[in-house]
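Analysis of the macromolecular model
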Amino acid sequence: MNKETLGTALSFYQNDRPSCDQFHNGRKLDYLGKADLSYSDFFRDFLLPNYPCILSPEFTADWRSRQTWVRADGSPDFDHLLKHFGDCVVPVANCDVKEYNANPKHNIPLRDYLSYWREHRESRYSSPRGCLYMKDWHMHRAFPDHGEYTTPDFFQSDWLNEYWDTIKVDDYRFVYMGPKGSWTPFHADVFRSYSWSANICGRKKWLLFAPGREEHLRDNSGNLVYDAQSPILQNQDLYPKYSQCCQPIEVVQEAGEVIFIPSGWHHQVYNLVHQTNLICYVTLLLVLVLVSLP
């Protein structure tokens with residue numbers, strides 16, 4: 001952190017902090033190109049105020065995965081993935097089954113998942129096995145020298161993964177792959193971390209709720225709803241605060257784009273077409289918590 005960035009952080013914490021409510025009142029997410037701003041600008045305009053944004057495909061254009069994991073028609077290249085990663089054991093979730101407030105998972109070889117995916121697509125997005133979604137695959141941990149992507153400069157300060165890399169136990173970098181119709185239920189990211197998610201191919205729809213807005217989506221026992229679009233929310237006896245809830249911020253993420261999800265933003269995500277993406281969870285602002293203490 002240079003002096004300019006530190007000064008900006010100290011000034012920010014000494015003044016009233018901006019509200020994220022403006023996004024629920026019509027403000028759109030900023031769309032950033034590579035030449036639009038420096039790291040200090042990004043730090044000031046997005047990290048500090050906790051604002052989400054979208055980075056243009058310029059940020060991923062030179063990634064090897066954007067060239068080799070995708071066919072000319074924009075669909076995943078199953079043959080390439082099978083050749084290079086087919087023997088890897090990956091976690092797969094069943095999107096059609098609710099287990100607590102998530103989906104049950106099991107581990108299978110990637111080659112078996114790709115075979116399922118082909119069959120699911122050829123059967124018009126239907127399968128007796130349900131809608132299976134490969135998620136939370138630690139590809140970086142399995143192939144640390146993979147060279148499939150590079151972390152954008154804005155997200156290089158990553159204390160969470162630096163710690164796990166040092167002790168060589170775990171990491172919070174994941175690859176997701178799934179067919180049209182696969183989805184992730186309502187949640188906020190692990191450890192209230194910041195995250196960035198890059199679409200290698202496909203399209204995703206995000207439903208975003210600014211910090212605090214999720215309180216209207218809790219039942220009378222304090223549990224968050226599983227599906228933020230479920231009709232069950234209309235039951236006022238079960239969800240007494242839902243009538244106060246705002247509409248979610250809806251964002252469609254295209255191939256090559258990167259979305260930045262700040263800490264505490266709850267979200268629900270749908271794959272609109274066959275999709276492969278990379279998600280990293282980071283603790284970009286831990287230093288600010290330390291410098292703001294008395």
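Scope of this entry: the structure provided in the associated data block. None of these values were measured; they are calculated from a predicted model. (Residues numbered from 1 in each chain as written. Predicted model: local features only at pLDDT ≥ 70, side-chain atom pairs only at ≥ 80, totals over all residues. Heavy atoms only, no water.)

**Some details on the sheet that holds strand β7 (residues 183-187)**
For clarity, the cut-off: DSSP bridges decide pairing: two strands pair if at least two such bridges lie between them. Each helix is a run of H or I in the DSSP string that is no shorter than four residues. Each strand is a run of E no shorter than two, and both are numbered from the N terminus. Here the axes come from fitting lines to C-alpha atoms, over the contacting stretch only for helices, and the angles between their N-to-C directions go from 0 to 180 degrees.
Pairing within the open sheet is antiparallel, and its four strands lie in the order β7-β12-β9-β10. If you trace the sheet from one side to the other, it starts and ends with β7 and β10 (249-253), each paired once. Going across the sheet, the axis of each strand differs from the next one's by a mean of 15°, ignoring polarity.

**Considering unusual backbone geometry**
Selection rule: Only protein chains enter the accessibility calculation, which uses a 1.4 Å probe; a residue whose area is less than 20% of its type maximum is buried, one above 50% is exposed, and one in between is partly exposed.
Although it is not a glycine, Arg124 adopts a positive phi angle of roughly 60°. Position of Arg124 relative to the elements: it lies in the loop between α5 (110-122) and β5 (132-137). A positive phi angle, near 55°, is found at Arg192, a position not held by glycine. Residue position: Arg192 is located in the loop between β7 and β8 (194-201). Taking the relative accessible area as the measure of exposure, Arg192 reaches 45% and is therefore partly exposed.

**Quick notes on the nonpolar core**
Note the cut-off: Definition of nonpolar core: a set of buried residues of the types Ala, Val, Leu, Ile, Met, Phe, Trp, Tyr and Cys, connected through side-chain atoms within 4.5 Å.
Counting residues in each nonpolar core, the largest one holds 57 residues, and the members touching the most others are Phe42, Trp69, Tyr113, Met134, Trp137, Met177 and Trp196. Of all hydrophobic cores here, the second largest spans 13 residues; its members include Phe174, Tyr176, Tyr226 and Tyr270.

**With respect to the packing of aromatic side chains**
Our working definition: Each Phe, Tyr or Trp ring, with Trp reduced to its six-membered ring, pairs with another whose centre is within 6.5 Å; inter-plane angles below 30 degrees give stacked pairs, above 60 give edge-to-face pairs, and intermediate values give tilted ones.
Per the counting criterion, the structure on display carries 27 aromatic pairs. Look at Phe42 and Phe155: their rings are 5.8 Å apart centre to centre, the planes differ by 80°, and that puts the pair in the edge-to-face class. Taken together, the residues Phe42 in helix α2 (residues 39-47) and Phe155 in the loop between α6 (139-142) and α7 (159-167) connect sequence positions 113 residues apart. Here the two residues Phe42 and Phe155 agree in accessibility, since each one is buried. Arranged with centres 5.6 Å apart and planes meeting at 75°, the rings of Tyr133 and Tyr176 form a pair that is edge-to-face. Placement of Tyr133 in strand β5 and of Tyr176 in strand β6 (residues 173-178) is noted, with a sequence separation of 43 residues between them. Residue class for Tyr133 comes out buried when judged on its relative accessible area of 1%. Each member of the aromatic cluster is reached from another via a ring pair, and the members are Phe42, Phe46, Phe59, Trp63, Tyr149, Phe154, Phe155, Tyr194, Trp196 and Phe260.

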